[in-house]
Amino acid sequence: METITTFNWNAVIGEGVLFAFAVITLLADALLGKPLSKRIFPLALIGLFVALAAESWGVYSEGGAFGDILSQSHSFGIFAVICAILTALMALQYYAKGGGNINEFLSMLMICTAGLMLFVRSRDLMFSFVALETATICLYAMSAWSRKSASSLEAGARYLISGGVSGAIILMGIALIYGAGLPANSDLLNFSNVSFGLDNGLFMSGLMFVVCGLLFKISAFPFQFWSPDVYQGSPTPVSAFFAVASKGAGIAFLLTLCASFDFSKDLAHIHDKLVSTFSVVAACTILVGNLGGITQIRTKRLMAFSGIANAGYLLVLVAAALKVGPSVGLEDVLYFYLLAYMFANYGVFFVVNRFGEIDDAEQSLADYRGLKLRSPIALGTLIVNLASLSGIPPTAGFFGKLLILIAAWAAGLYWLVGVMIIGSVMSIYYYFGWMRAALEPAEGEERQLIETPSMSATMVALSVATVVFSAVVYAII
Amino acid sequence: MDDFYIISIYAGVYVPLIFAVLLALIYPVAGGKAARVLGMTAASVSALASLAVWYGFLKLHSGSPNFAFTSDIADFLPALGVNGISVPFFALAGVVGFAAVYWACISDIKSVKAYMILLLFMQGGLMGVFASTNLLWIYMFHEFALVPTFVATCVWGGAGKRMAAMQMAVYLTLGALVSLVGIIALVVFSGSDGFGIGEIASALKSVELNASLQGWIFALLLFGLGTLVSLFPFYTWAPRGYSAAPTSFSMLHAGVLKKFGLYLLFQVCAPMLPAGLSEWVWCLAVLALFNVLYIGLVTMAQRDLKMMVSYSSVAHMGLCFLGLCSTSILGVGGALILMFGHGLSVALLFMLSNAVVNRTGQWDMRQMGGLYKKTPVLAAFFIAAIFASIGLPGFANFWGELSILVSLWNFSPAICALAALGLIISAIYGLRAVAWVFMGTPSEPLRRDFDSISDLSLRERFPAFVLIAALAFAGFFPWTIAEPVNANLSAQAVYNQSK
C-alpha cells in the first residue's frame, strides 16, 4: 500500500469547519453555564454557513487527496450542508417547543454531516466505513433525542440494532474484499482497483455484503422494514435528515461505487447480472414503498414509505448508470433529483413540525383538517411540496422524475420505466389524500399550530425553491 | 407586424399566470373585489390576445403549414408559436377561459381569492398548451391544471367530491405519465436533441423508425392520451369529476383541457408515427364507437342534469377519434372543427346547467319542468346550446360531424352508419333534457317556489352570449378554422393517402 505523503487539507476544509464548530459549540455549552449557553446556538448556525461557503467556493483541484482515498468532488458536500442547515432551523423550532439541549443536538448534527460528506467523498472502502460509522453513531443518538418520548427511544433502539447489523454486514464484506486482494497483493479496497476483482468469487461475495449494507442505509427492498418505525418515532427534524441527507449519501456512494466498475474486460455476464439485480431491487423498492404508503394515516410513517419509494426511483438511476457506464450526466441527474427531493421533503416536514406538540409520532392525516383556515401558508407549502413529491409539473420533483425516466429509457430499461410509472400513479393516492385531508373542514377539536414569522419565511422559501429550481434542469438537458 | 402577434401570444399565456402570482402575493390584504377585478382583467386580456392571434394568423400565415409567430427567449421559458392546428384552440382557450372567469366573478363563491388564483393558473396553463412548440412544455402546461382542479373540487365541489377528485387525479396522472413515456420514447428513438416539435420532425426525416417500433410508441401515446380524453374504457373519471367540480373548472376542463389529448394525436402522433396509426386504427375505431354508442346510451339513462352534460361530452369525444381513423384531411379537419365547437357548447351547457340548478335547487331533471314560462331567455340559450351540441346546422359542430361522417364512409361504411346512430342518440338525450327541464308543467317540488324563479340576469347573459356568438361565428364562417387547418394537414403525408 502506498504511503500518504501529502496532506491536502484544502480537500477537507468543509468537514474541518464542521468538526471545529461542533467542538466549539460543545465546549461553549459546557463551560458557559446555564443562562448564557441558551444563547450560543447561533454559533452552530454560523459554523454551518461557513461550511457551506467553504464547500461552495473552496479551492479544489482535480484528482484525489490523501493518497487517493478521498475525491475532491464537493457536490454532495453542498447538498449535505444545506440539509444540515434546514434540519438545524427545524430543530430550533422543535426545541422551542420544549425538547432537549439544542446545542448538543446541533454539534451532533454537524459531526454527522461531516461524517456523511467524508463517506461520499471517500474512494476507499475501509475509510468509507469509518466515515459512515461516524455519521451513524450520531444518528443513533439523534433518533433517540426526545428522551421523554417512548416512540423516540424505540426509534433509537431500532435504528441502533438495524444500523449495527448493516454496519457489521458492510464490514464483513470489506474483510472479504480485502482478502480477495491478498493473493495478488493488490489493494482491492480502493475504488480505482475494484474492477480487478470482478471475476473473483470472494470479491463478489464481499461486494454483495457491502451492497446489502448500503441498501440497508437507504432503506431499499428487502432491507426497508426499519425505516417506517424509525421515521415515525424520531424527532421530526431527525426524520427529515434521515429521509434526505442519510438516504442521499447512501445513493451517491452507491452510484460512485458502481461508476468505478469497468466491465470492458470480458465481463459482460457479470455486468448483466449486476444490472438485473439492481433493476429488480429498484422495482421491488418502488412497489413496496408505494403500496405501503397507500394505507398509512400517520404522516411521518407515510413520509417513510414515500422515502422508500424515492429510494427506488434513485436505484433506477443507479441501474441505468450501471448499464450504460459512468457518465457525468447521470451524476448531475442524481444531484438534481436529490436537491428537488430535499426542497420538497423539508417543505413537508416543516409543516409536520408546525403542530404544537413535541411528540409527532402519532400525528395523523385527520389532524390536518381545517388547515385552510388556520394557516394558508402551511397549506400552500404542503400542496406545492406534495405536488413536487408526486412529480407534478411545474415543480422540480417532476423534472427529477423526468430525468430519471429519460436515463432509464435511454439505457433500455423499459420495464423499469413501467414500474416507475405504476409507482408514481399509486403515490398520487396518498400524497393527494394528504392534500385532500388538509383541504377539508375541521371536525371537532383542532390541534394547535405554532406560528413564527421566520418559520413561515423558510416554508415560503422552500416552496418557491421547489418551483424555481426547475429552471436549473435546462442546464442539464 | 409579427411582433405584435408574438407579444399577443405572450400576453395570452403569461397575463393569467402573472395575475395569479400577483393575487397570491397580495393575498393577505386583497379583498374579494380585488380578486374579481384582477381575474376579469387577466381573462379579458387573454381572450382579446388570443382572438388577435387568430386574426393575425388568418391574415398573414393562413396558407402556411409551419409554426408562425415563433419566439424563443430563454432556455427555461417555453418556446411559443402557433400553427394552423393550434391557433383555433388558442382562441378557444381564450374565449372559454373568459367565460369561465366571468362566471366565477358573478357567482357567489366562498373565499373567491383562492378560487381565482387556481382558475387563473389553470387558464394560463391552457393558453400555454396551445401556444407551445415544445412537447415537454405542452405536457407541462397541461399538468398545470391537475392540482388546481383537485384543490377546487375538494374545496368548492359538489356531491361525491372526495371520491371524484381523487379518481380524476389518479386517472389523469396515469394518462399523463404514460403519454410522457411515449413522448420520451419518440424523442429518444428519433435521436432528437430536444423536445421541440420541429426538432423531432426534422430528426425523424433522417431516422426511419420501423413499423413495430412505431406501433409500440403509438400504443403508449394512444393509451395515455386516450385516458386524458376519456376514451373507452378509461372514461369513468370524466363524468364524476366534471359533475363534482365547480362550474368554472368543469367548463375549462371539459371544454378546453380535454382537447389536449386529441390535439397531440393530430398535431404530433399521427404525422410522426403514420405506421403506428395504421396498426392501431381499427382498435381505435372500435373503442371510439364504444364512446359514441355505449356512452351515448349511458347518457340517455342519466337523470342528473350535470351528469348528462358530462356523459355527453365523453360521448362526443368518440366522434373526434373517429375523425382520426379515416386519416384523411376531411376527417381530421372535421374532428378539429368538432373539438372547437364542442369546447364552446359543453362549456356553455355546464354554465347554463349551473344557472338552472341555482334556480331550481336540484339536479334531477325530472324534478324540474315548465321553466320555460319563467325563464324564456335561459331556455333559449339552453336550447341553442343543445342544438349546437347535437350538431344542427348554424353551429360549428355541424360542419365537424358532417365531415367526419363523410370521411368515415371511405374508411368503413359500417362504422359510418354506426357513428351516425350516435347522432340520433345525442338528439334523443339532448332534446329530452330540454323537454324535462323547460317544457311541460312544473313538477311538484318545484311548484312551491315557482313564482320566485327569475330569468337570466343581464350579467349572466353576457358570457352565454359570448359563447353562443363564437359557436355561430364558427358555424357560419367555418373557413376561419378550416383554412389554416387545411393548410397544415395538406402538408402532412399521413393525411394525404389516397383512399
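What this report covers is the structure whose coordinates are included nearby.

Criteria and thresholds
Residues numbered from 1 in each chain as written. Chains lettered and ligands numbered in written order. Predicted model: local features only at pLDDT ≥ 70, side-chain atom pairs only at ≥ 80, totals over all residues. Heavy atoms only, no water. Helix = DSSP H or I, 4+ residues; strand = E, 2+ residues; numbered from the N terminus. Rg over C-alpha atoms; globule rule 2.2 N^0.38 Å. Buried < 20%, exposed > 50% of the residue type's maximum accessible area, 1.4 Å probe, protein only. Contact = heavy atoms within 4.5 Å. Areas by Shrake-Rupley, 256 points an atom, 1.4 Å probe, with all protein chains shown as cover. Lys, Arg positive; Asp, Glu negative; His and termini not counted. Charge placed at Lys NZ, Arg CZ, Asp CG, Glu CD. Axes fitted to C-alpha atoms, helices over the stretch in contact; angles between N-to-C directions. Parallel < 35°, antiparallel > 145°, perpendicular 65-115°, else oblique. Left-handed = near helix turned anticlockwise from the far one by under 90°. Nonpolar A, V, L, I, M, F, W, Y, C, P; charged D, E, K, R; others polar. Core = buried A, V, L, I, M, F, W, Y, C linked by side-chain atoms within 4.5 Å. Buried area = accessible area lost by both parts, 1.4 Å probe. Salt bridge = Lys/Arg side-chain N within 4 Å of Asp/Glu carboxyl O. Polar contact = N/O pair within 3.5 Å; in protein donor to acceptor, adjacent residues only side chain to side chain.

**Topic: the overall build of chain A**
For step 1, the next point in the chain: Each helix and strand in chain A was counted, giving 19 helices and two strands.
For step 2, the next point in the chain: The C-alpha atoms of chain A give 22 Å as radius of gyration, which agrees with the globular expectation for 477 residues (23 Å, within 12%).
For step 3, the next point in the chain: The C-alpha extent of chain A, read off along each of the three principal axes, is 70 × 55 × 40 Å.
For step 4, the next point in the chain: Within the span of chain A, comprising 477 residues, buried residues form 62% of the whole.
For step 5, the next point in the chain: Sequence-distant contacts, at least 24 apart, represent 80% of the contacts inside chain A between residues at least 6 apart.
For step 6, the next point in the chain: Only carbon and sulfur atoms are counted for the fraction: they give 68% of the accessible area of chain A, which is about 16800 Å².
For step 7, the next point in the chain: In chain A, the 24 positive side-chain charges and the 28 negative ones have mean positions that sit 9 Å from each other.

**Some remarks on the overall build of chain B**
For step 1, the next point in the chain: Along the backbone of chain B there are 22 helices and two strands.
For step 2, the next point in the chain: Taken over the C-alpha trace, chain B has a radius of gyration of 21 Å; the compact-globule value for 499 residues is 23 Å, and the two agree within 12%.
For step 3, the next point in the chain: Seen through its principal axes, chain B has C-alpha atoms that stretch 70 × 60 × 40 Å.
For step 4, the next point in the chain: Among the 499 residues that make up chain B, the fraction classed as buried is 67%.
For step 5, the next point in the chain: Surface accessibility of chain B: about 16300 Å² in total, with carbon and sulfur atoms responsible for 67%.
For step 6, the next point in the chain: A gap of 14 Å separates the mean positions of the 23 positive and 19 negative side-chain charges of chain B.

**Digging into the packing of helix H7 (residues 150-181) of chain A against helix H8 (residues 201-217) of chain A**
Residues and elements named next belong to chain A.
For step 1, the next point in the chain: The interhelical angle for the contact between H7 and H8, taken along N-to-C directions, is 160°, at an axis separation of 7 Å. In this view, H7 runs roughly antiparallel relative to H8, as classed from their interaxial angle. The crossing of H7 and H8 is left-handed.
For step 2, the next point in the chain: For the contact of H7 with H8, the residue count by class is 17 nonpolar, eight polar and one charged.

**Points about the nonpolar core**
For step 1, the next point in the chain: Counting 386 residues, the largest nonpolar core has Phe241, Leu315, Tyr346 and Phe432 of chain A together with Leu322 of chain B as its most contacted members.
For step 2, the next point in the chain: Of all the elements, helix H13 (residues 328-352) of chain A adds the most residues to this core, at 19 residues.
For step 3, the next point in the chain: Among all residues touching phenylalanine 241 of chain A, those that are not within four sequence positions of it are Cys83, Ala84, Thr87, Leu109, Cys112, Thr113, Leu116, Leu139, Met142, Ser246 and Tyr346 of chain A.

**Here's the deal with the interface of chain A and chain B**
For step 1, the next point in the chain: Facing 28 residues of chain A, the contacting portion of chain B comprises 33 residues.
For step 2, the next point in the chain: The junction of chain A with chain B conceals about 2900 Å² of combined surface from both sides, 84% of it contributed by carbon and sulfur atoms.
For step 3, the next point in the chain: Taken as a group, Trp409, Arg436 and Tyr474 of chain A account for 24% of the area that chain A buries against chain B, more than any other trio of residues on that side.
For step 4, the next point in the chain: Scanning the region where chain A abuts chain B turns up one salt bridge.
For step 5, the next point in the chain: Across the pair arginine 162 of chain B and glutamate 440 of chain A runs a salt bridge, and its minimum N-O distance is 2.5 Å.
For step 6, the next point in the chain: For the pair chain A and chain B, the number of links is two residue pairs in polar contact (both at pLDDT 80 or more).
For step 7, the next point in the chain: Elements with a minimum of two residues in the side of chain A that touches chain B: helix H15 (376-390), helix H16 (396-410) and helix H17 (414-439) of chain A.
For step 8, the next point in the chain: Take the side of chain A that touches chain B: its biggest share by element is 12 residues, from H17 of chain A.
For step 9, the next point in the chain: Residue classes in the side of chain A that touches chain B are distributed as 23 nonpolar, two polar and three charged.

**Considering the pattern of salt bridges**
All names here are of chain A.
For step 1, the next point in the chain: Within this structure, the stated rule accounts for 11 salt bridges over all chains.
For step 2, the next point in the chain: Salt-bridge contacts for arginine 158 lead to aspartate 229; the nearest nitrogen and oxygen are separated by 3.2 Å. Here aspartate 229 lies in helix H9 (residues 226-233) and arginine 158 lies in helix H7, a separation of 71 residues in the sequence.
For step 3, the next point in the chain: Residue classification places arginine 158 among the partly exposed positions, given a relative accessible area of 36%.
For step 4, the next point in the chain: Between aspartate 229 and arginine 301 there is a salt bridge whose closest N-O contact spans 3.1 Å. Here aspartate 229 is found in helix H9, whereas its partner arginine 301 is found in helix H12 (residues 299-324), with 72 residues between them in sequence.
For step 5, the next point in the chain: Residues joined by salt bridges that share partners form a network here, namely Glu154, Arg158, Asp229 and Arg301.

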